[in-house]
Each structure stands twice: as C-alpha cells, then as structure tokens.
Amino acid sequence: MNLLFVASECTPFIKTGGLADVIGAVPKALAAEGVSVRVLIPAYPALSDHVASGNQVAQFDDLFGGRARIVAAQADGLDLLLLDAPHLYDRAGSIYLGPDGQDWHDNDLRFAALSYAGAQIGVGCLDNWTPDVINAHDWQAGLVPAYLRQHDGPTPPVVMTIHNIAFQGVFDATRLGALGLNADMFTPDGVEYYGKISFLKAGIALSRKVTTVSPTYAAELLTPDFGMGLDGLLRARQSDLSGILNGIDLDVWNPATDSALVATYSAKSMKGKARNKAEVMSRFGLTDGGGPLFCVVSRMTSQKGLDMLLDCLDDLVGHGAKLALLGSGEPGLERAFIDASNRYAGSVGTIIGYDEDLSHLMQAGSDAILIPSRFEPCGLTQLYGLRYGTLPVVARTGGLADTVIDANEAALLADCATGFQFAPITSTMFAHTIARACTLYLQPKIWGAMMRRAMRHPVGWDLSAAAYLDVYTAAQES
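Source: prediction; values computed, not measured.

Draft legend 1. Summary view of the overall build of the protein chain. Tallying secondary structure elements over the protein chain gives 19 helices and 18 strands in all. Taken over the C-alpha trace, the protein chain has a radius of gyration of 23 Å; the compact-globule value for 478 residues is 23 Å, and the two agree within 12%. Once the C-alpha set of the protein chain is aligned to its principal axes, its extents read approximately 70 × 45 × 45 Å. Looking at the 478 residues of the protein chain, the share that counts as buried comes to 58%. Taking the intrachain contacts of the protein chain between residues at least 6 apart in sequence as the baseline, contacts between residues at least 24 apart amount to 70%. For the protein chain, the exposed area adds up to about 18,500 Å²; of that, 50% sits on carbon and sulfur atoms.

Draft legend 2. Local environment of helix α10 (residues 271–283). Buried within α10 are the following residues: G272, K273, N276, K277, V280 and M281. In this fold, the buried residues of α10 make contact with β13 (293–300), β14 (322–329), α13 (356–365), α17 (427–441) and α18 (444–456).

Draft legend 3. Examining the pairing of strand β5 (residues 78–84) more closely. Burial runs high along β5: 6 of the 7 residues are buried. Looking at chain direction, strand β2 (residues 36–42) and β5 are connected through 4 bridges and run parallel. The residue bridging I41 from the neighbouring strand is L82, located in β5. In terms of strand pairing, strand β4 (residues 68–75) meets β5 through 7 bridges, oriented antiparallel. Within the sheet, the bridge partner assigned to I70 lies in β5 and is L83.

Draft legend 4. Seen up close, unusual backbone geometry. For the bond running from T11 to P12, omega is 5°, close enough to zero to count as cis. Take P12: it is sitting in the loop between β1 (2–6) and α1 (18–31). Here the amide bond leading from A423 into P424 is cis, since omega sits at 0°, within 30 degrees of zero. Within the secondary structure, P424 sits in the loop between β18 (420–422) and α17. Backbone geometry places D76, a non-glycine residue, at a positive phi of 55°. Inspection of the secondary structure puts D76 in the loop between β4 and β5. On the basis of relative accessibility, which here comes to 44%, the residue D76 falls in the partly exposed class. At M228, a residue that is not glycine, the phi angle is positive and equals roughly 50°. Using a relative accessible area of 32% as the deciding quantity, one classes M228 as partly exposed.

Draft legend 5. Region of interest: the sheet that holds β2. Judged by pairing direction, the sheet is mixed, and its 9 strands sit side by side in the order β3-β4-β5-β2-β1-β6-β7-β11-β12 without closing on themselves. Each of the sheet's edge strands pairs with one partner strand only, and the pair in question is β3 (55–60) and β12 (241–243). Each adjacent strand pair in this sheet contributes to an overall mean axis angle of 25°, direction not counted. Examined bridge by bridge, β1 and strand β6 (residues 133–137) share 4 bridges and lie parallel to one another. Bridged to L3 within β6 is V133.

Draft legend 6. Molecular detail of the pattern of salt bridges. Taken as a whole, this structure holds 17 salt bridges when the rule is applied. Across the pair R237 and D240 runs a salt bridge, and its minimum N-O distance is 2.9 Å. Under the relative-accessibility criterion, R237 is labelled buried at 12%. Among the ionic pairs, K304 bridges to E376, the shortest N-O distance being 2.9 Å. Of this pair, K304 sits in the loop between β13 and α11 (306–318) while E376 sits in the loop between β16 (368–371) and α14 (381–387); the two residues are 72 residues apart in sequence, bridging distant segments of the chain.

Draft legend 7. Region of interest: the packing of aromatic side chains. In total, this model carries 16 aromatic pairs according to the counting rule given. Pairwise contacts between aromatic rings join Y96, F111, W139, F171 and F199 into one cluster. One cation-aromatic arrangement involves R91 over W104; the distance from NZ or CZ to the ring centre is 4.8 Å.

Draft legend 8. Just the packing of α10 against α13, in detail. Interhelical geometry of α10 versus α13 gives an angle of 125° and a closest axis separation of 7 Å. It follows that α10 is oblique to α13 by the angle criterion. Along this stretch, α10 crosses α13, giving a crossing that reads as left-handed. Listed contacts from α13 to K273, N276, K277, E279, V280 and R283 of α10 are L358, L361, M362, Q363, A364 and G365. Split by residue class, the contact of α10 with α13 holds 5 nonpolar, 3 polar and 4 charged.

Draft legend 9. Broad picture of the packing of α11 against helix α12 (residues 331–343). Remark: α11 packs on α12, axes separated minimally by 11 Å, with the N-to-C direction vectors making an angle of 20°. Taken together, the axis directions place α11 and α12 in an arrangement best described as roughly parallel. Crossing angle aside, the handedness with which α11 passes α12 is left-handed. Taken together, the residues of α12 that come into contact with α11 (itself represented by L306, D307, L309, L310 and L313) are L333, A336, F337 and A340.

Draft legend 10. Here's a closer look at the environment of A117. Summarising the element assignment, A117 is placed in helix α4 (residues 107–122). Relative accessible area serves as the criterion here: at 0%, A117 is assigned to the buried category. Measuring from C-alpha to C-alpha, the distance between A117 and P42 comes to 9.9 Å, with 75 residues separating the pair along the chain. If near-sequence neighbours (up to four positions away) are discounted, A117 is found in contact with L40, F60, I70 and L83.

Draft legend 11. Highlighting the side chain of T403. Here T403 shows up in helix α15 (residues 398–403). Assessed through its relative accessible area of 3%, T403 is described here as buried. For T403, the side chain forms a polar contact with the side chain of Q382, separated by 3.1 Å. A polar side-chain atom of T403 sits 2.8 Å from the main-chain carbonyl oxygen of G399. In this view, T403 contacts L245, Q382, L383, L386, T418 and H457; residues no more than four positions away in its chain are not counted.

Thresholds applied
- Residues numbered from 1 in each chain as written.
- Predicted model: local features only at pLDDT ≥ 70, side-chain atom pairs only at ≥ 80, totals over all residues.
- Heavy atoms only, no water.
- Helix = DSSP H or I, 4+ residues; strand = E, 2+ residues; numbered from the N terminus.
- Rg over C-alpha atoms; globule rule 2.2 N^0.38 Å.
- Buried < 20%, exposed > 50% of the residue type's maximum accessible area, 1.4 Å probe, protein only.
- Contact = heavy atoms within 4.5 Å.
- Areas by Shrake-Rupley, 256 points an atom, 1.4 Å probe, with all protein chains shown as cover.
- Pairing = 2+ DSSP bridges.
- Axes fitted to C-alpha atoms, helices over the stretch in contact; angles between N-to-C directions.
- Salt bridge = Lys/Arg side-chain N within 4 Å of Asp/Glu carboxyl O.
- Phe/Tyr/Trp six-rings, centres within 6.5 Å; stacked < 30°, edge-to-face > 60°.
- Lys NZ or Arg CZ within 6 Å of the ring centre and 35° of its normal.
- Parallel < 35°, antiparallel > 145°, perpendicular 65-115°, else oblique.
- Left-handed = near helix turned anticlockwise from the far one by under 90°.
- Nonpolar A, V, L, I, M, F, W, Y, C, P; charged D, E, K, R; others polar.
- Polar contact = N/O pair within 3.5 Å; in protein donor to acceptor, adjacent residues only side chain to side chain.

Such coordinate-based values are descriptive only and should not be taken to indicate function.
If you want it as structure tokens, here you go:
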C-alpha cells in the first residue's frame, strides 16, 4: 500500500507539540507492515538544507499567490515531500504565529496550499508514485478531501485524524473563493460551519474514515462537553470513527541509550536514575526534602490544568515533595509559576521555554510526572514517563485514562498499577492524588515495583500501526 501523510509538522524537523512526534514515528512503524509512506509537510526555514539537497518532483505556477514546488528528500528514516512555497512558509519564528503572538493573517491560505498539494499528489502530480490512501492530520490538512471532491476523475480515499478538536481552522465565509473552493462546497455537508468555513469540519464530513488518538477520546468527542460543536457531526459519523492510541518512538525514548541523560539505566538496573535526579535538582535549584520529585513538561494553558497545580503547591511542598517545571504558554501562568519558584525557593523550580534534551533528563530524573489536563486526546508525556519509570499522575480523561493504571487498592493487590489517576478533575482531587503518590513514595518496595512495571508497559507503535492499517484497508473497501 502507498500512503500519503499530510501534516503541518514532523519530528525531528519542526515541532510545536505531540502531532509532530506522531508524524515522525508512525511511518516507520507502518513500514514494518509493508506500507510505503511519504510525508508531505511545508518547507519551513528549518528544512532549507533538506530542500537544497532534495529533488524537485512537482511544481505549481501559482499556489495561492506565488510559485511553489514539491521537493522529495530522505531524512531520519522518512520519505519527505516538502512543499517549497517561500511566499507562504519562509518566515522566522513560529510556524503558526506572527511576531505579535497572533495567528499569521494568511493561515487559511498557508494550510489550504498544503491541503491542495496533498490532493494533487493524490490525483497523480508525481510521476512515479501515487497514494492508495491519504491520511490528513488535524485542521491544517482538513481541506484535502474537499479539493479531491472538486477533481473530475478517480481519487484516493482520505482518512482524517483528529489530534485535538480544540483547533478547528475556522475562517470567514468570504474566503471561499480565495481558497479555491466551489460555491457548492459551502453547505452543512461540506465546509460550512455555523456560517463560516472550518477546515477540520470539512475533513470530518468529507473523509471516508475518521480516527482520533485514543479510544476514550473518541467516545468523549461524541458528547457536547468534549466535541466542541462538532459532536453532532461525529455522532452522525460514529460508525466511521475509530480511536487508535498513540505510541512513542522507542529508539528516541530509551533510558538505556538516551544521550541526553547523565547516566543511562534500565528496568533491570535502576542505579542511573538517582544520578539523573541529582542533576535535575541541581538544574532547577531544588534541595532534598525527603519526598518525591515531581516534574511537569507541558504547554502552559488552561487545557493542561496547570492552574490547578498552583492551587496544590502548598500541599505538595508540605509533603516534602519538589517540583521541576519546564514549559511556556499563557503569560499569566508563566508569571504565576515564576512567582511560585520565588515563594517556594528550593522546593519549586521553573524554566520557561522548551528544551528537548532537558525534557529527556527530567523524564529520567523525576520520580513522577504531573499531567492534570482537563481534556487530553492522547498525551505523550505520560508514555515517556512510563518508559522512564517516572510514574504518571494524570486526570482521568482521554488517552490518559487509557494508558495509566491507577494505584488503587485493587490494582496494588493485583500488582498491575503503573501510576495515579484522579477524577473528578478538580484541585481538591488533584491534591488528594498527589498526597497518595507521596505516601506510596515512602514505601520503596511498592514504588520500585510500580516503576519497573511502568517501564515494561507497552508504549510503542506496533499495535497501533496495525490498527491504522486496518482503517486504511477499510477506507479502500468502503
């Protein structure tokens, strides 16, 4: 099977979140299933070297305001198709936001171009390769099936994957013509969404199959609380909706070989974890209080529930625990955690920003990782935590509920607990669960068994890749 991924980011080339990790890992797992995958992403400045060394395989005389081409390149085990359109992507800073912190004014054109290029590849614009199936990821690729509907001739089926339904790509209806969409596309069965255009809604409505990144999130999306205005459409498409759990790249995330650590370790020999803990404590200016070291590696947004963590800091510090936080996002949360680092000096440390190597070190050196998300389609940081024996403390939602086994009495008696869950998702229950973790940490035999069990928990892509292949096959047959 030939499969085309269309996405806005891909690890290790360009990353703002978990989407990039998925796009960088799944094609490699699918290759083991005999699938030939090519990944179409924009040629941002970070990819200029790969554009220079690649081969042009297609060109567009006018792609939404300028000349463009597709360049094929191989890098990091991936077959890339780079959409080289300088008028759309050759910009410094964030791939989504301008210098003022707001969305680029032409994001609709920038990602319509990505979708249009994906559709053109689908109908044969490359000389020697045509996909049997296209997998469009998130709103930035949501118009792929819309452009294919406008093609006069056979087209491949599209599978739409929702990584986070909170981001829907909604634009004014007056942009229909500028986006190259026919008037008959602006209907409830097409791109129209409450009088506007929604890229994600178009992808859900017009694709053959729809997937999302965990079974629990797939069920949650059918409800008004989580569907964010698209729950009715998703209920109508429920028979075509699948929840397939994300995995992680086991080569990149491996405590036995990770070059970002000061000492490697494994489930059989955990000695190196203590050296990593000492390094994390030093980096964040923390002193030993006898309790566990909790970490947070996260975007700082209300979705991630970090305001609830602020409410819990008195309790956390009171248990002798420490907190190391790495992240950036909402200015108010950034300021609040910087203030907390001053108020709880030696117990709370905050670094604003993102550092990939430091995130690996924190996973290795912490005792537990806190993920109090109000909603979480899948989440990857809890999977990294499991892999590194850093027990996740998670809200019971989405993929967090699907991947962490709570250390309740039954699970402890059955020797199957791998972390901690809490619900309802409130500050009170979060504080209670932090206290549970601190209590168990003082029982080294139980804590050590949970660490080793977490490290053995399957978090790779093997099972999920097979499930994706089943969906692609069903899309071809339906």
